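This is what each chain is made of:
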Amino acid sequence: MTDERSAPAGAVLVVGGGISGLTAALEAAEVGKDVFLIEKNPYLGGRVAQLNQYFPKLCPPSCGLEINFQRIRNNRRVRVHTMTEVKSVSGGPGNYQVTLESKPRFVNNNCTACGACADACTDEIDNAFNFGMNKSKAAYKPHDMAFPMKYVIAKDACGDASKQAIKDACKYDAVDFDMQAKEFTLDVSAIVWATGWTPYDATKLENLKVNSSAAIISNMQMERLASPNGPTGGKILRPGDNKEPESFAFVQCAGSRDENHLEYCSYICCMATMKQITYIRSQYPDAKITVFYIDLRTPGKYEKFREKVMADANVTFVKGKVADIIAEADGGVTLVAENAVTGDKVSAKVDLAVLATGMEPNAKGQAAALGLATDGNGFILGDEGMSSCGCAKKAADVVTCTQSSTASAMKAIQASRRSV
Amino acid sequence: MAIRVEPDLNFIKFLKSAGGDTLKKCYQCATCSVVCPLSSDNKPFPRKEMIWAQWGLKDRLVADPDVMLCHQCGDCTAYCPRGAKPGDVLGAIRAYAYTHYGFPNGLAKLVSQGKNLPILIGAPALLILIVWFLSGGMHLPQGDIDFGNFFGHGYFMGLTKNVLIIDAIFVPAFAFAVFAAYKGVSNMWNNMAAQLDVKSDFRPSVPQFITQFLVPSVKEILAHKRFKECGTNHDRVNGHLPLLLAFIGLFAVTTYGMIRKDIVGMFVEGLHGPIPLSDPFKILANVSAIALIVGVGILWMNRSRMEEENNASPTFYDWFLITKIMAVGVTGLCAELTRLIGIPVLAYLFYYLHLVTILMLFVYMPYSKFAHMVYRTFAMAFEKYRASEFVQKTEE
């Protein structure tokens, strides 16, 4: 089966609609290539959309995403498929056949994002965008800045009455519970893998006992807590009891640089922590913050940022990896490490502990099935017709991601040129 | 506090050969010091030992009680993000320390390396073979097999020739081992005390030392208190406990046998034959022998499993002791069984091998992994001493 708007010769497929995929798609399209951009989520923007602020300039993600969405909207060469994943790839450089599957949104293009369906819906689901820290209606807008600006319905979570109410509430006839998953095939000459990353599953770090306390969160959860469109409206509160934390601790290398988990450095976590200290400081001027680290890696221009944060007298840096976390009765947690500089065991009792969890490439599990070559850690290597960019290629910050995405666009253009 | 690092390359080479070849992978994250169930809150181990080892600071390491206090639970190795295996490295440092403190040093060095195995086995085997040959006992016995006639028949000053020969070999060997261990341990103690960096105005008297430091340590060892705190390698206590009790049982039996045969036997006739199977001490001996084989067998399997799971590296240091104890147990049991069944050739052969393995166990005790029984005991005593008033109240 072929898409009704069948691909013109020399088209490029970009897999993943985060900052890297958006960049690669636009860079290729803006020099005249036809581009298919597919994204498994119901919205574009990926991890960046979930951030409160980028480092080092501390601007909100709308800053970079809005302009890219605008460019997509204005460029007829980019065709976007959300809720879509690659099922299989065949062929070779210049001539790939890619089978894709789109999951049903149960909301069609008539949607104006008025929200009447969500008001009518009586069922709730965990809010995945906020890492389950709150609930959303089963008929939901993924987030305030979602693009495309359309609702989604988690049909399986809705009861019959709720479904009827949702359908009745929609004035635009946008709800369609009969939508089916759709499989289709594209012929493309090059593929860009921009499949991104997932925060490392901290429950695998047995000694940190993440499930023992609500006071242990990941750094991505911290982004959501600090974000104005997050579960707390941007107020950093402890999940569970909504306490205003008086003390914080950051656990660096939670999963990274560890051959039992992720053997590489995830690159962004040190800077993410530095950035998140600024979030805390803006809300809690006197909060005590302790950072446990092995090495602080804030290369190049990030050194200045680090120096500024380290000048804060209420932030303590301890060289030593946290190897034990004990849940306390008052809802806080005690972190235990050895200070490798003084040689003493130190423990810090804090109200909220943030694990600087590393980046696990999303392609890790799927790459073999799709016939993609990866390095030992699941990062995609790429070849003549396919390339990887962003965090599908290596753990990287946004700047590096957009650079490698531009490079990938260039490779895709070259591959499609060769094939014509 | 500036430290001038003067690495001793030979020391690092030794560690690598003794199973510490992973030590350079350590990047000092200090996970090990926290996950270690035996480490203290004050200057925990083994992170600091890892960097000292990387720097080749052997003088600090051999004077560090923590190295001896480590029971190689394996939790540090399991959680190590770099595969640096701190547990193995500390084991290698202990092996080095036994060689370092070993007296005489030449023998200690000889025992530390697998390539010397032909000499290590050959010398005692030859010694006993020559004595056996010269004793005139090297022929098949007439009638019942009695190891009391192994080195021939005859009496001298009320003792059998056999008893005299056995005593002439094993009493000096045992005394030598005790003396060598004493030399090594007292050296270690002095080095450890020097590292404390406090002046001791008061020294504990010998009875004080024994009651306040040594006896509590021995009690702790017998109870396997620390072994039981181990996480990853918790099963090891199931092997070590029966093995330790077996050694105590066999020591008691041997002492009883010596008093019965060698002392009382001088005055009372008929005590030189084999002790009857129904004798309580013979029962203890047999139970201990089985506990010894079972215990060391469990440790053997445990060690193999750890190595298979890559939680430990195979080393001569570890396997020499395990196989040696297994050999003592198996040869002893086989000698007894073939004696009871009545196969003289095998009985005598196994008895000969049994004597050889016991001699090896005695003489190599102060330098092989077996030395841990004295070094670790005294390190535990030192730990208590360090925390005691003898050290703490000397400041003012």
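Definitions and cut-offs
Residues numbered from 1 in each chain as written. Chains lettered and ligands numbered in written order. Predicted model: local features only at pLDDT ≥ 70, side-chain atom pairs only at ≥ 80, totals over all residues. Domains from an automatic or database assignment. Contact = placed C-beta atoms within 7 Å. Helix = DSSP H or I, 4+ residues; strand = E, 2+ residues; numbered from the N terminus. Nonpolar A, V, L, I, M, F, W, Y, C, P; charged D, E, K, R; others polar. Buried ≥ 20, exposed ≤ 12 C-beta atoms within 10 Å, placed from the backbone. Pairing = 2+ DSSP bridges. Right-handed = clockwise from strand over helix to strand, strands pointing away. Core = buried A, V, L, I, M, F, W, Y, C linked by C-beta atoms within 7 Å. Expected span 1.5 Å × (residues − 1). Axes fitted to C-alpha atoms, helices over the stretch in contact; angles between N-to-C directions. pLDDT = per-residue confidence, 0-100. Parallel < 35°, antiparallel > 145°, perpendicular 65-115°, else oblique. Left-handed = near helix turned anticlockwise from the far one by under 90°. Arc of directions from axis to C-beta.

(A) Representation of the domain arrangement of chain B within the structure. All names here are of chain B. Structurally, chain B comprises domain 1 (9-101) and domain 2 (105-392). Of note, the centres of domain 1 and domain 2, computed from C-alpha atoms alone, are 27 Å apart. Counting residues at the interface gives 26 residues for domain 1, matched by 32 residues for domain 2. Among the elements of the structure, helix H1 (9-20), helix H5 (65-69), helix H6 (75-79) and helix H7 (86-101) are those that each provide at least two residues to the side of domain 1 that touches domain 2. For the side of domain 1 that touches domain 2, the element with the highest residue contribution is H7, accounting for eight residues.

(B) Inspection of the domain arrangement of chain A at higher detail. Residues and elements named next belong to chain A. Looking at chain A, the domain boundaries give domain 1 (12-103 + 181-198 + 360-419), domain 2 (116-169) and domain 3 (201-357). Contacts between domain 2 and domain 3 engage seven residues on the former and seven residues on the latter. Of the residues that constitute the side of domain 2 that touches domain 3, the class distribution is two nonpolar, four polar and one charged.

(C) Seen up close, the pairing of strand S15 (residues 288-293) of chain A. All names here are of chain A. With five of six residues buried, S15 lies mostly within the body of the structure. Relative to S15, strand S14 (residues 247-254) runs parallel, the two being bridged by five bridges. Each residue of the ladder has a partner; that of Ser247, found in S15, is Lys288. Regarding topology, helix H7 (residues 269-283) serves as the crossover connection from S14 to the parallel S15, and that connection is right-handed. Viewed along the sheet, the connection from S15 through helix H8 (residues 302-310) into strand S16 (residues 315-319) turns out right-handed.

(D) Structural context of the nonpolar core. Val14, Val192, Val251, Leu335 and Ala353 of chain A are the most contacted members of the largest nonpolar core, which has 211 residues in total. Looking at this core element by element, the count peaks at twelve residues for helix H16 (residues 344-364) of chain B. Leaving out residues up to four positions away in the same chain, Leu335 of chain A has contacts with Ala249, Val251, Phe292, Val322, Ile325, Ser347, Ala348, Val350 and Ala353 of chain A. Listed in part, the 17 residues of the second largest apolar core include Cys111, Cys117, Val152 and Ile166 of chain A.

(E) Focus on H7 of chain A. All names here are of chain A. In this model, H7 (15 residues) spans 21 Å end to end at C-alpha, consistent with the 21 Å of a helix rising 1.5 Å per residue. Among all positions of H7, only Cys269, Cys270, Met271, Ala272, Thr273, Met274, Lys275, Gln276, Ile277 and Ile280 are buried. Among the structural elements, helix H6 (219-226), S14, S15, H8, S16 and strand S20 (352-357) are those in contact with the buried residues of H7.

(F) Fine view of the environment of Met138 of chain B. Tracing the sequence through the fold places Met138 of chain B in the loop between helix H9 (117-135) and strand S1 (155-156). Setting aside anything within four residues of it in sequence, one finds Met138 of chain B in contact with Trp132 and Phe133 of chain B.

(G) Structural context of the environment of Val253 of chain B. With respect to the element layout, Val253 of chain B can be found in helix H13 (residues 237-263). Between the C-alpha atom of Val253 of chain B and that of Ala291 of chain B, which follows or precedes it by 38 residues, the distance is 14 Å.

(H) Molecular detail of the sheet that holds strand S18 (residues 333-339) of chain A. Residues and elements named next belong to chain A. Pairing within the open sheet is antiparallel, and its three strands lie in the order S17-S18-S19. What marks the edges here is a single partner per strand, and that holds for strand S17 (324-327) and strand S19 (344-350). The sheet shows a mean angle of 25 degrees between the axes of neighbouring strands, taken without regard to direction. By the bridge criterion, four bridges tie S17 to S18 in an arrangement that is antiparallel. For Asp324, the partnering residue across the bridge sits in S18 and is Val336.

(I) A look at the interface of chain B and chain A. Across the boundary between the two partners, chain B contributes 18 residues, which contact 17 residues of chain A. Among the secondary structure elements, those contributing two or more residues to the side of chain B that touches chain A are helix H2 (31-35) and helix H3 (47-55) of chain B. Top element by residues in the side of chain B that touches chain A is H2 of chain B. It accounts for four residues. Broken down by class, the residue content of the side of chain B that touches chain A amounts to eight nonpolar, five polar and five charged.

(J) Representation of the confidence of the model for chain B. All names here are of chain B. Looking at chain B as a whole, its pLDDT mean stands at 90, while 97% of the residues score no less than 70. Within chain B, the element-level pLDDT minimum falls on S1, averaging 76, and the maximum on H2, averaging 96. Complex prediction metrics read pTM 0.90 and ipTM 0.87.

(K) Expanded view of the packing of H1 of chain B against H7 of chain B. Residues and elements named next belong to chain B. Viewed as axis vectors pointing N to C, H1 and H7 meet at an angle of 120 degrees, and their least axial separation amounts to 8 Å. The orientation of H1 with respect to H7, classified from their angle, is oblique. The two elements H1 and H7 cross, and the hand of that crossing is right-handed. Taking contact as the criterion, the partners of Phe11, Phe14, Leu15, Ala18, Gly19 and Gly20 in H1 are, on H7, Asp88, Val89, Gly91, Ala92, Ile93, Ala95 and Tyr96. Considering only residue class, the contact of H1 with H7 consists of nine nonpolar, three polar and one charged.

(L) A look at the packing of helix H1 (residues 19-29) of chain A against helix H10 (residues 398-419) of chain A. Residues and elements named next belong to chain A. Two numbers describe how H1 lies on H10: the axes approach to 8 Å, and their chain directions differ by 40 degrees. What the angle tells us is that H1 and H10 run oblique. You can see that H1 and H10 cross each other, and the crossing is right-handed. Across the interface between the two elements, Ile19, Ser20, Thr23, Ala24, Glu27 and Ala28 of H1 pack against Val398, Cys401, Thr402, Ser405, Thr406, Ser408, Ala409, Ala412 and Ile413 of H10. Split by residue class, the contact of H1 with H10 holds eight nonpolar, six polar and one charged.

(M) Looking closely at H1 of chain B. Residue and element names in this part refer to chain B. Taking 1.5 Å per residue as the helical rise, H1 with its twelve residues ought to reach 16 Å, whereas the 14 Å between its terminal C-alpha atoms falls clearly short. Within H1, the full set of buried residues consists of Phe11, Phe14, Leu15, Ala18, Gly19 and Gly20. Down the axis of H1, the buried set is contained in an arc of 115 degrees. They therefore lie on one face. In H1, the exposed positions that point more than 90 degrees away from the buried face belong to Leu9, Asn10 and Lys13. Buried positions along H1 lie against H3, helix H4 (58-62), H7 and helix H15 (316-341).

(N) Examining the sheet that holds strand S3 (residues 78-81) of chain A more closely. All names here are of chain A. As summarised here, the arrangement of the five strands in space is S3-S2-S1-S11-S22, forming an open sheet in which the pairing is parallel. Of all the strands in the sheet, the pair left with one neighbour each is S3 and strand S22 (386-388). Sheet twist, expressed as the mean angle between neighbouring strand axes with direction ignored, is 15 degrees. Set on the sheet, H10 makes contact with strand S1 (12-15), strand S11 (190-193) and S22; between it and S11 the angle comes to about 165 degrees.

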